[in-house]
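# A closer look at the structure
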Amino acid sequence: MDLGLRGKVAVITGGTVGIGLAVAEGLAAEGANLVLVGRDGGRAEREAVRVAEAHGVTAIGVAADVATAAGCEAVVDATKRQFGGTDILINNAGTGSNETIQEADDAKWQYYWDLHVMAAVRLGRGLVPTMRERGGGVVLHNASICAVQPLWYEPIYNTTKAALMMFSKTMANEVVGDNIRVNTVNPGLVEPPDWIKTAKQIAGEDGYRAHLRGVAEEVGGMKRFASPQEMANFFVFLCSDRASYSTGSTYFVDGGWLKTV
Ligand code: NDP
């Protein structure tokens, strides 16, 4: 099936590893050009070169911290410089947290708000006008099942991802007349590395593997982690014209973990 993505430009925050990199590979396989964003500029550059060579597309790596206004500006500037703008924006950069409400200070709340919400606000503000100029576009937000079904140890993650979901819905309403579709994907368990980081914090170096096995058992449904590629397939479809009637929605891709309808 031709997804009609050849020659499109996609900006992917956190596109240098994990789900974001799998989405990048999926889009490149369809002929899309890429802007891969991460704080580690070396890795961003390496992955951009590798994916571009593998799929015959143009890709650049951008070193930027999207939890800051300056970082978001750098992404917008680099995208305009290289491609004149973008057709697709995937706000994927994010990470789990581990705290109690009682103990976490304001700075920690602020950091996750900036990373999970303000990055989407700032990049939307910077890049949506370029989509308008190109006649339309797609914005996807990678939130989490935790946006509606919280995990006990990460109240800040749960809260900021819920806010991202609402931001996505609201933005969809604002740009629906511009032929720009905006949706959220809520993944369930997707293979480490981010999970390993959190699991080590909870169960330590010796206990984290058993902890991860336990997590998969406990969530029920398919009782396993998804591969990043399984997640990416869904993102790529939503980026394509095959999803042309889809906007303002949230899609759960969670192997049956969600306990409500
Ligand atoms: P990874 O930890 O594997 O990758 C995170 C990516 O985001 C990296 O490319 C990282 O690059 C980048 N990143 C992190 N912080 C920043 C920042 N401040 N500025 C720019 N880039 C940043 O994560 P996953 O693939 O596991 O997760 C991706 C998204 O999916 C996240 O938003 C996560 O919350 C969500 N998600 C993940 C699930 C899972 O089970 N893995 C489940 C549900 C949702 P660098 O370190 O170089 O900055």
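Scroll up to find the structure this text is about.
Residues numbered from 1 in each chain as written. Predicted model: local features only at pLDDT ≥ 70, side-chain atom pairs only at ≥ 80, totals over all residues.

## Looking at the nonpolar core
Grouped together as the largest cluster of nonpolar side chains are 71 residues, with contacts concentrated most on L34 and V37. It is helix α4 (residues 106-133) that contributes the most residues to this core, 10 residues altogether. Leave out the neighbours within four places in its chain, and L34 touches A10, I12, G15, A24, L27, A28, A48, V51, V57 and A59. (Core = buried A, V, L, I, M, F, W, Y, C linked by C-beta atoms within 7 Å. Buried ≥ 20, exposed ≤ 12 C-beta atoms within 10 Å, placed from the backbone. Helix = DSSP H or I, 4+ residues; strand = E, 2+ residues; numbered from the N terminus. Contact = placed C-beta atoms within 7 Å.)

## Structural notes on the sheet that holds strand β5 (residues 137-142)
Pairing in this open sheet of seven strands is parallel, and the strands run β3-β2-β1-β4-β5-β6-β7 from one edge to the other. What marks the edges here is a single partner per strand, and that holds for β3 (59-63) and β7 (250-253). Across the sheet, the mean angle separating the axes of adjacent strands is 15° when strand polarity is ignored. Two strands pair when backbone bridges link them, and strand β2 (residues 33-38) and β3 are joined in this way by five bridges, in the parallel orientation. Counted as the bridge partner of L34 is A59 from β3. Along the sheet face, helix α1 (residues 18-29) touches β1 (9-13), β2, β3, β4 (88-91), β5 and β6 (180-187) and points at about 170° away from the line of β1. (Pairing = 2+ DSSP bridges. Axes fitted to C-alpha atoms, helices over the stretch in contact; angles between N-to-C directions.)

## Comments concerning the packing of helix α3 (residues 69-83) against α4
Taken N-terminus to C-terminus, the directions of α3 and α4 make an angle of 25°; their axes are 9 Å apart at the nearest point. In terms of orientation, α3 lies roughly parallel with respect to α4. For the pair α3 and α4, the crossing hand works out as right-handed. Taking contact as the criterion, the partners of A69, C72, E73, V75, V76, T79 and K80 in α3 are, on α4, A119, R122, L123, G126, L127 and T130. Tallied by class, residues from the contact of α3 with α4 come to seven nonpolar, three polar and three charged. (Parallel < 35°, antiparallel > 145°, perpendicular 65-115°, else oblique. Left-handed = near helix turned anticlockwise from the far one by under 90°. Nonpolar A, V, L, I, M, F, W, Y, C, P; charged D, E, K, R; others polar.)

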